[in-house]
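# Overview (structure and organization)
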Protein chains: 2
Amino acid sequence: MSIRIAVDAMGGDKAPGEIVRGAALGAKEYSDVNLILVGEERLIENELRSPDVGSLAPEVRERIGIHHAGEVIQMGESPALALRKKKDASIRRAVELMAEGEAECVISAGNTGATVAACALLLKPLPQVLRPGIAVSFLTGNSVCTVIDVGANIQCKPAHLFQYAVMASVFSHYILDIENPKVGLLNIGAEAAKGTEILKKAHELLAESNLNFVGNVEGNDIHTGKCNVIVCDGFVGNVILKLSEGLSFHILDTLEKALEAKRPEALEDVRAEFDILRRRNDYSEYGGAPLLGVDGIGIICHGSSDRRTMRNAVRVAREFSKFQVNKHIVAELASLNT
Amino acid sequence: MSIRIAVDAMGGDKAPGEIVRGAALGAKEYSDVNLILVGEERLIENELRSPDVGSLAPEVRERIGIHHAGEVIQMGESPALALRKKKDASIRRAVELMAEGEAECVISAGNTGATVAACALLLKPLPQVLRPGIAVSFLTGNSVCTVIDVGANIQCKPAHLFQYAVMASVFSHYILDIENPKVGLLNIGAEAAKGTEILKKAHELLAESNLNFVGNVEGNDIHTGKCNVIVCDGFVGNVILKLSEGLSFHILDTLEKALEAKRPEALEDVRAEFDILRRRNDYSEYGGAPLLGVDGIGIICHGSSDRRTMRNAVRVAREFSKFQVNKHIVAELASLNT
């Protein structure tokens, strides 16, 4: 059965060029993927005719459709306001296609808030889910650590945090191939009595569940491999995401410049390590961040996404659909309620 | 006039050796500093007789006193409980000396929670101060960014955040030599309407004040030089502190090992940059983190502090006292209230 993926072709700093090209590369790689590129028809057609993409076999090209949308929500716009005003915005149209059953997945590298708001507005939550959450995966040495939520829900109740743990565990299992994901609750100390009342209650819920809960973890544990899922509210998660990007950029950039100035030939020898470390804090590596908990598949990519990111996002969206992650989330939540 | 500094000689992973030696180096450097080393008398005396410190001139040695304390609060202990049980704990005795007017400052590299709790228990808050906050300074390129609070107060009201901005501005001005410190409110987006109700209200208070408020900032702005003070609640601040340490350690360690394996001679050439970057996320560089808002001077050092940290902490404690930072904080808060 084919998987239909709607791509917001106009979202992202490098849209539509890199977005269209990367999505097309994904379609080339997976013969069961049908793309719907949503946005300014002429621009998208131009991109599909560009030399980079021109080599697409007819068999691939015929799996790529275009759905015209005449407006774009810019990065700086207020999501709620822009969605109300711009009925023909590419991200809105893409999510509508999914809501209407024309696509199984949506991918966007545009305004994150607008993508989340469009999904929240146009899609139903999965049964029993209280709040959707954005999950971002960081590569850490030999493992992957998924942090949820990074910005959909900035004031979490204990039950929200608990459901995030369930949803990210299912995601880690089916998409990241982690057998029995270890779950940590982000806190300011290891003891169960640490933190706010909300966190103490969330700790109780997690400890009583059949999740592989390792207890409270701290900020540094994102990089220690202590757990595969870290649960926190969307405010803290957003700070983590931006701080990680900013700090790793700062350190890598400083060292790269120093090596370039003093030992350019040595830099070449460790270029691979620089690249790996850059990617560890760049969630495009894992094909974007899924919005977990909605009845649909929304993959949010970084604004700076390039073709590599988009190709990865197509892979993740495809697997998300193929492995029926949402069905497993619903089953897991239902089993916990009995 | 001499400045009397009580040092918790038993606090820290490298206590008492590095703690005593570093403090003694500070006393050697500043002839107006009188030390009171608090802890196990025999151990401290042994350290003062060690070859490293043995070269102290009699003039320096006579400015170093010992105050015996028979107990130590360990790193893993619950602060409140330990303070109640261990009446003769070195950190408790050190803060008592300050409360009784025998010392102007306390420095500890021991259990952070115990130091904060001892100060909260035994010292008065400064007039008008609602909650003390821990301020940690990060070196960022050519500037310094002080984050407050990093763990004293995990649930902040708008007025707490506002007062943190005032106190850290005064600290940055007098101790870090920043003329008119730029203050940012940590949030998940630049717009004034972002974040929780608490943050929106805090934004209002800051915008109406005469502080040099630059508006909302995000996690990456700790390293962009956009501001000199970042205000957040102690939960988020604690995550920032630990994530920064963990991530920078992870990146620097990985690159250092790669260079060592492939280009050991090149590593030598960029060793200085590695050291600088390590220190940027190691708050010992700025001589520890002051607990701002109490009627006294409490300097909290990292558990891993060595003699360099302790010497720096003596310098900061001395300047804190000399430049009458607390007096300026009180004046600034009073002027804002009229």
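Small disclaimer: the values here were computed from a predicted structure and weren't measured. (Residues numbered from 1 in each chain as written. Chains lettered and ligands numbered in written order. Predicted model: local features only at pLDDT ≥ 70, side-chain atom pairs only at ≥ 80, totals over all residues.)

Within chain A one finds 13 helices and 11 strands. The C-alpha radius of gyration computed for chain A amounts to 20 Å, which stays within 12% of the reference 20 Å derived for 338 residues, consistent with globular compactness. The C-alpha extent of chain A, read off along each of the three principal axes, is 60 × 60 × 35 Å. Across chain A, every contact between residues at least 6 apart in sequence was considered, and the portion connecting residues at least 24 apart equals 74%. (Helix = DSSP H or I, 4+ residues; strand = E, 2+ residues; numbered from the N terminus. Rg over C-alpha atoms; globule rule 2.2 N^0.38 Å. Contact = placed C-beta atoms within 7 Å.)

Okay, the interface of chain B and chain A next. Quite often, the size of an interface is put as the accessible area lost when its parts meet. With 40 residues of chain B at the interface, the matching set in chain A holds 40 residues. Elements with a minimum of two residues in the side of chain B that touches chain A: helix H10 (234–262) and helix H11 (264–280) of chain B. The element contributing the most residues to the side of chain B that touches chain A is H10(B), with 21 residues. Of the residues assigned to the side of chain B that touches chain A, the class counts are 19 nonpolar, 14 polar and seven charged. (Nonpolar A, V, L, I, M, F, W, Y, C, P; charged D, E, K, R; others polar.)

This part is about the relation of the copies chain B and chain A. Put simply, the two copies of the chain differ by a rotation about an axis and a shift along that axis. Mapping chain B onto chain A calls for a rotation angle of 180° and an axial translation of 0.0 Å; the resulting RMSD is 0.0 Å. Both chain copies can therefore be described as sitting about a two-fold axis. When the interface residues of chain B are mapped onto chain A, 100% of them again fall at the interface, so both copies present the same face. (Least-squares fit on C-alpha atoms with pLDDT ≥ 70 in both.)

Running from amino to carboxyl end, helix H10 (residues 234–262) of chain A crosses H10(B) at an angle of 35°, the nearest separation of the two axes being 10 Å. For H10(A) against H10(B), the interelement crossing comes out right-handed. Where H10(A) abuts H10(B), its residues A:Val236, A:Val239, A:Ile240, A:Leu243, A:Ser244, A:Leu247, A:Ser248, A:Ile251, A:Leu252 and A:Leu255 lie against B:Val236, B:Val239, B:Ile240, B:Leu243, B:Ser244, B:Leu247, B:Ser248, B:Ile251, B:Leu252 and B:Leu255. (Axes fitted to C-alpha atoms, helices over the stretch in contact; angles between N-to-C directions. Left-handed = near helix turned anticlockwise from the far one by under 90°.)

What follows is about the confidence of the model for chain A. Of the residues in chain A, 97% reach a pLDDT of 70 or more, and the chain-wide mean stands at 92. Across the interfaces of the predicted complex, the ipTM metric reaches 0.90, alongside a pTM of 0.91. (pLDDT = per-residue confidence, 0-100.)

Either a parallel or an antiparallel arrangement is found when strands of a sheet pair, and the pairing is made through backbone hydrogen bonds. Residue and element names in this part refer to chain A. Taken together, 11 strands build an open sheet; the order of strands is E3-E2-E1-E4-E11-E10-E5-E6-E9-E7-E8 and the sheet is mixed. Of all the strands in the sheet, the pair left with one neighbour each is strand E3 (64–68) and strand E8 (212–217). Neighbour to neighbour, the strand axes of the sheet diverge by 25° on average, direction disregarded. Where helix H1 (residues 17–29) meets the sheet, it contacts strand E1 (3–8), strand E2 (33–39) and E3, and its direction lies at approximately 165° from that of E2. The strands touched by helix H7 (residues 112–122) are strand E4 (105–108), strand E5 (133–140), strand E10 (289–292) and strand E11 (297–300); relative to E11, the strand with the most contacts, the crossing angle is about 175°. (Pairing = 2+ DSSP bridges.)

All names here are of chain B. Residues Ala 289 and Leu 291 point to one face of strand E10 (residues 289–292) and Pro 290 and Leu 292 to the other, with burial holding for every one of them. When strand E5 (residues 133–140) meets E10, the two strands line up antiparallel, connected through two bridges. Bridge pairing links Gly 133 to Leu 292 in E10. With antiparallel pairing between neighbouring strands as the criterion, E10 and strand E11 (residues 297–300) make up a hairpin whose turn holds four residues, including Gly 293 at a positive phi of roughly 110°. (Buried ≥ 20, exposed ≤ 12 C-beta atoms within 10 Å, placed from the backbone.)

So, about the domain arrangement of chain A. Residue and element names in this part refer to chain A. The assigned domain composition of chain A is domain 1 (1–129 + 293–323) and domain 2 (133–285). Each of domain 1 and domain 2 was reduced to a C-alpha centroid, and the two centroids are 26 Å apart. Domain 1 puts 14 residues into the contact, and the matching count from domain 2 is 11 residues. Looking at the side of domain 1 that touches domain 2, the elements that each hand over two or more residues are H7 and helix H12 (307–322). Ranked by the residues each element gives to the side of domain 1 that touches domain 2, the list is headed by H12, at five residues. The residue inventory of the side of domain 1 that touches domain 2, partitioned by class, reads seven nonpolar, six polar and one charged. (Domains from an automatic or database assignment.)

Moving on to the environment of B:Ile91. Residue and element names in this part refer to chain B. Structurally, Ile 91 can be placed in helix H6 (residues 90–99). Taking the number of C-beta atoms within 10 Å as the measure of exposure, Ile 91 has 32 and is therefore buried. In the structure, Ile 91 is positioned 23 residues away from Ala 114 in sequence and 7.5 Å away in space, judged by C-alpha atoms. Every residue in contact with Ile 91, bar those within four places of it in the chain, is listed here: Asp 8, Gly 11, Ile 73, Ser 108, Gly 110, Ala 114, Thr 115 and Ala 118.

Moving on, we get to the packing of H10(A) against helix H11 (residues 264–280) of chain A. Residue and element names in this part refer to chain A. Closest axis-to-axis distance for the H10/H11 pair is 9 Å, and the angle between their directions is 170°. Viewed along their axes, H10 and H11 adopt a mutual orientation that is roughly antiparallel. On the side of H10, the interface is formed by Ser 248, Leu 252, Glu 256, Leu 259 and Glu 260, while H11 contributes Pro 264, Ala 266, Leu 267, Phe 274, Leu 277 and Arg 278. Here the contact of H10 with H11 is built from residues that sort into seven nonpolar, one polar and three charged. (Parallel < 35°, antiparallel > 145°, perpendicular 65-115°, else oblique.)

Glancing now at the pairing of E11(A). Residue and element names in this part refer to chain A. Residues Ile 297 and Ile 299 point to one face of E11 and Gly 298 and Ile 300 to the other, with burial holding for every one of them. Relative to E11, E4 runs parallel, the two sharing four bridges. The residue bridging Ser 108 from the neighbouring strand is Ile 300, located in E11. Bridge analysis of E10 against E11 gives three bridges, and the strand direction is antiparallel. Note that in E11 the partner of Leu 291 across the bridge is Gly 298.

Turning next to the sheet that holds strand E2 (residues 33–39) of chain B. All names here are of chain B. Here 11 strands make up an open sheet; going across it, the order is E3-E2-E1-E4-E11-E10-E5-E6-E9-E7-E8 and the pairing mixed. Either end of the sheet is taken by a strand with one partner, and the two such strands are strand E3 (64–68) and strand E8 (212–217). Ignoring which end each strand starts from, the neighbouring axes of this sheet average 25° apart. Relative to strand E9 (residues 229–231), strand E7 (residues 182–186) is paired through three bridges, and the arrangement is parallel.

This paragraph deals with unusual backbone geometry. Trans is the prevailing form of peptide bonds, just as negative phi is the prevailing case for residues other than glycine. Residue A:Asp149 is reached from A:Ile148 by a cis peptide bond, and omega for that bond is 5°. Here A:Asp149 lies in the loop between strand E6 (143–148) and helix H8 (158–174). Put simply, B:Ala15 and B:Pro16 share a cis peptide bond, and its omega is -5°. Note that B:Pro16 resides in the loop between strand E1 (3–8) and helix H1 (17–29). For A:Gln128, which is not glycine, the phi dihedral falls at a positive 75°. Backbone geometry at B:Gln324 places phi at a positive 50°, although glycine is not the residue there. Checked against the element boundaries, B:Gln324 lands in the loop between helix H12 (307–322) and helix H13 (325–336).

Residue and element names in this part refer to chain A. The first and last C-alpha atoms of H12 sit 22 Å apart over 16 residues, in line with the 22 Å expected at 1.5 Å per residue. Of all the 16 residues making up H12, 12 are buried; the element is thus mostly covered by neighbouring parts of the structure. For H12, every residue scored as buried is listed here: Arg 307, Thr 309, Met 310, Arg 311, Asn 312, Ala 313, Val 314, Val 316, Ala 317, Arg 318, Phe 320 and Ser 321. Positive phi appears at Gln 324, one or two residues downstream of H12, with a value of about 50°. (Expected span 1.5 Å × (residues − 1).)

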